[in-house]
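Structural overview for review
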Amino acid sequence: MLMNLDITKPISDENITVTDTTFSGIPVRLYLPKRKSERQRPAVIFLHGGAFVLGSCKNSPYDLLNRETANKLDAVVVGVDFRLSPQYHFPVAFEDSLSVVKFFLQDEVLERYRVDSTRICISGDSSGGALAASVTQQLKNDPVFKNKIKAQALIYPFLQIIDSFMPSHRENEHGPFLTRDIAIKLGALYVTKDEAFSQAIRKNKHMPQESRHLFKFVNWSTFLPDKYKKNHIYKEPILGRFNLSYPALLDSRLSPLLVNDSQLQKLPLTYILTCQHDILRDDGLIYVTRLQNVGVNVVHVHIENGFHGALTVMTSPFNLLIGIRIKDKYITWLEENL
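Reference entry: report on the structure contained in this document. (Residues numbered from 1 in each chain as written. Predicted model: local features only at pLDDT ≥ 70, side-chain atom pairs only at ≥ 80, totals over all residues. Heavy atoms only, no water.)

Here the focus is the packing of helix α3 (residues 92-104) against helix α5 (residues 127-139). A pair of packed helices can be characterised by two numbers: the angle between their axes and the separation between those axes. Two numbers describe how α3 lies on α5: the axes approach to 10 Å, and their chain directions differ by 55°. Relative to α5, the element α3 is oriented oblique. Both α3 and α5 take part in a crossing whose hand is right-handed. Residues Ala93, Phe94, Ser97, Leu98, Val101 and Lys102 of α3 lie in contact with α5, whose contacting residues are Leu131, Ser134, Val135, Gln138 and Leu139. Here the residues of the contact of α3 with α5 sort into 7 nonpolar, 3 polar and 1 charged. (Axes fitted to C-alpha atoms, helices over the stretch in contact; angles between N-to-C directions. Helix = DSSP H or I, 4+ residues; strand = E, 2+ residues; numbered from the N terminus. Parallel < 35°, antiparallel > 145°, perpendicular 65-115°, else oblique. Left-handed = near helix turned anticlockwise from the far one by under 90°. Contact = heavy atoms within 4.5 Å. Nonpolar A, V, L, I, M, F, W, Y, C, P; charged D, E, K, R; others polar.)

With that settled, consider the packing of aromatic side chains. Taken as a whole, this structure holds 14 aromatic pairs when the rule is applied. Note on phenylalanine 23 and phenylalanine 104: the rings are 6.2 Å apart at their centroids and 20° apart in plane angle, and the pair reads as stacked. Here phenylalanine 104 lies in helix α3 and phenylalanine 23 lies in strand β1 (residues 16-23), a separation of 81 residues in the sequence. One aromatic cluster is present, built from ring pairs that chain together Phe46, Tyr62, Tyr271, Tyr330 and Trp333. Directly above the ring of tyrosine 88 sits arginine 83, whose terminal nitrogen or CZ lies 4.9 Å from the centroid. (Phe/Tyr/Trp six-rings, centres within 6.5 Å; stacked < 30°, edge-to-face > 60°. Lys NZ or Arg CZ within 6 Å of the ring centre and 35° of its normal.)

With 13 residues, helix α12 (residues 281-293) extends 19 Å between its outermost C-alpha atoms, agreeing within 8% with the 18 Å of an ideal straight helix rising 1.5 Å per residue. Counted residue by residue, α12 has 11 buried out of 13 residues, so it is predominantly covered. The set of residues buried in α12 consists of Arg281, Asp282, Asp283, Gly284, Leu285, Ile286, Tyr287, Val288, Thr289, Arg290 and Leu291. Once α12 finishes, glycine 295 follows within two positions and takes phi at roughly 90°, a positive value. (Expected span 1.5 Å × (residues − 1). Buried < 20%, exposed > 50% of the residue type's maximum accessible area, 1.4 Å probe, protein only.)

Residue position: serine 60 is located in helix α2 (residues 60-73). Of the polar contacts made by the side chain of serine 60, one reaches the side chain of aspartate 6; its length is 2.7 Å. When neighbours within four sequence positions are excluded, serine 60 is seen to be in contact with Asp6, Thr8 and Thr315. (Polar contact = N/O pair within 3.5 Å; in protein donor to acceptor, adjacent residues only side chain to side chain.)

As a further point, take unusual backbone geometry. For the bond from serine 85 to proline 86, the omega torsion is 5°, close enough to zero to count as cis. Here proline 86 lies in the loop between β4 (76-80) and α3. Proline 176 follows glycine 175 through a cis peptide bond whose omega is 15°. Following the sequence through the fold, proline 176 ends up in the loop between α6 (167-171) and α7 (180-188). A positive phi angle is found at arginine 114, which is not glycine, with a value near 55°. Relative to the elements of secondary structure, arginine 114 occurs in the loop between α4 (107-112) and β5 (115-125). Taking relative accessible area as the criterion, arginine 114 reaches 36% and is therefore assigned partly exposed. Non-glycine residue phenylalanine 177 carries a positive phi angle of around 70°.

Right, here's the structure in full:
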């Protein structure tokens, strides 16, 4: 809940001009380098985590991350404050994010900020990683925008709601930082306030009868490297036990892992960071495997001592080095690839 209290002001410094504005009616925080540049700049659009319920691009860890990205890359950075659940359910956060990205990618907007249209990355952490992945998938199917996304960067992303009994869910049920119960309780709110839904997810009994054809896209026994399977036994989610059916459960805009291989083939250079002690670890690992299988250029960084949400505790009062390490790895990759 600290995320909702920790809101920074748009304070510029000697290197970066920081302003709060709106793109397509959605609040954004814009980071513009001050130094003169003869060439056009790269750009990064960052979508923050918080289980679609909490957080803001104005939280101090995200402000630090985006400010440092802008400074080190000499890049334009856009932090997005999409609307949150439970006040706004799926697909509002996705639609807000897509609207901001499409607004920014207009030729006249890129020209205004002197952005190189061939050097743009969409990034996000946790639920923001889901938004970044799904927005990138959508844009790569759009002839107007498909050539304007050079890369995507996903930091311990949430990528599916189909199976709540992945090995990483079982191994990290009690955290650290993010427990399985809290993740399910918060994440379910993006779909509905009905507590019966989150109870069904806990038992892996939330998927509707007509969803079995989707299981092949998230089957961890097929896609996880052996070292992560350990002695876990794969069991399909139990179908048709939950009385209400939500279309969101079949929608790749919520679960980016649900797109087929022909769609995945279109995706750009991809950076995926996973953490060992994270209930969402296997989402990222499965995406790495599926993208590699179809020939997408993927850089995978796995943090053995990392945990979910580490970025959010890299600033005061926590100042944890693991969060700073994740930040630095992400920015270094952007420097080398964007």
